[in-house]
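Close look at the chain arrangement
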Amino acid sequence: MKLIKKFSVYSLGKLLVEGARFFLIPIYTRYIPLAQYGLLNLLNVMKNMILAFISQISISSEQRFFYTHKKNKSFHSSLISIFLIGFSIILILSIILKK
């Protein structure tokens, strides 16, 4: 029962994200000029590559230390720090590449 509940929560979250992307398409096509589609696609590809790299690092570290640091608060705070650093890197790159 726990597995089904967790699966449904993650599935619903993924479904909401994908649904939001689908419904934002008309807004994107209205405000982004046709000449900028290539640049937008390039930025999306770079973002996906960086996210894939960061997620592999965080997944590997989480799998390695999860059982040994189950109740350790510093492990959880360091995991949050990793995610925040990754987000900051992506944000900075997107601002730099926007110019």
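Our structure is the block above this text.
From a predicted model like this one, the values you see are computed outputs, not experimental measurements. Numbers given for residues are sequential positions, taken from 1 along each chain in its written order. Per-residue local features of the predicted model are confined to residues with pLDDT of at least 70, and side-chain atom pairs are confined, for both listing and counting, to 80 or more; whole-chain, interface and lining totals are unaffected and use all residues. Hydrogens and waters are ignored; side-chain quantities use all the structure's heavy atoms.

Attention shifts here to a nonpolar patch on the surface. Each patch groups residues whose relative accessible area exceeds 30% and which form no salt bridge, using 9 Å between like charges and 5 Å between nonpolar side chains of Val, Leu, Ile, Met, Phe, Trp and Tyr. Computed with a 1.4 Å probe, the accessible areas rest on the Shrake-Rupley method; for each residue, only the protein chains presented here act as cover. What counts as a salt bridge is simple: a side-chain nitrogen of Lys or Arg found within 4 Å of a carboxyl oxygen of Asp or Glu. Taken together, Ile85, Ile89, Ile92, Leu93, Ile96 and Leu97 make up a surface patch of nonpolar side chains, about 510 Å² in accessible area. Relative to the helices and strands, Leu97 is located in helix H3 (residues 73-98). Exposure is judged per residue with a 1.4 Å probe applied to protein chains only, and the accessible area is read against the type maximum: over 50% gives exposed, under 20% gives buried, and values in between give partly exposed. Judged by relative accessible area, which is 34%, Leu97 ranks as partly exposed. Put simply, DSSP marks the helices as runs of H or I at least four residues long and the strands as runs of E at least two long, and each gets a number from the N terminus on.

Quick look at the environment of Phe83 now. Among the structural elements, Phe83 can be located in helix H3. Note on Phe83: relative accessible area 44%, which makes it partly exposed. Along the chain, Phe83 and Ile54 lie 29 residues apart, while their C-alpha atoms are 8.3 Å from each other.

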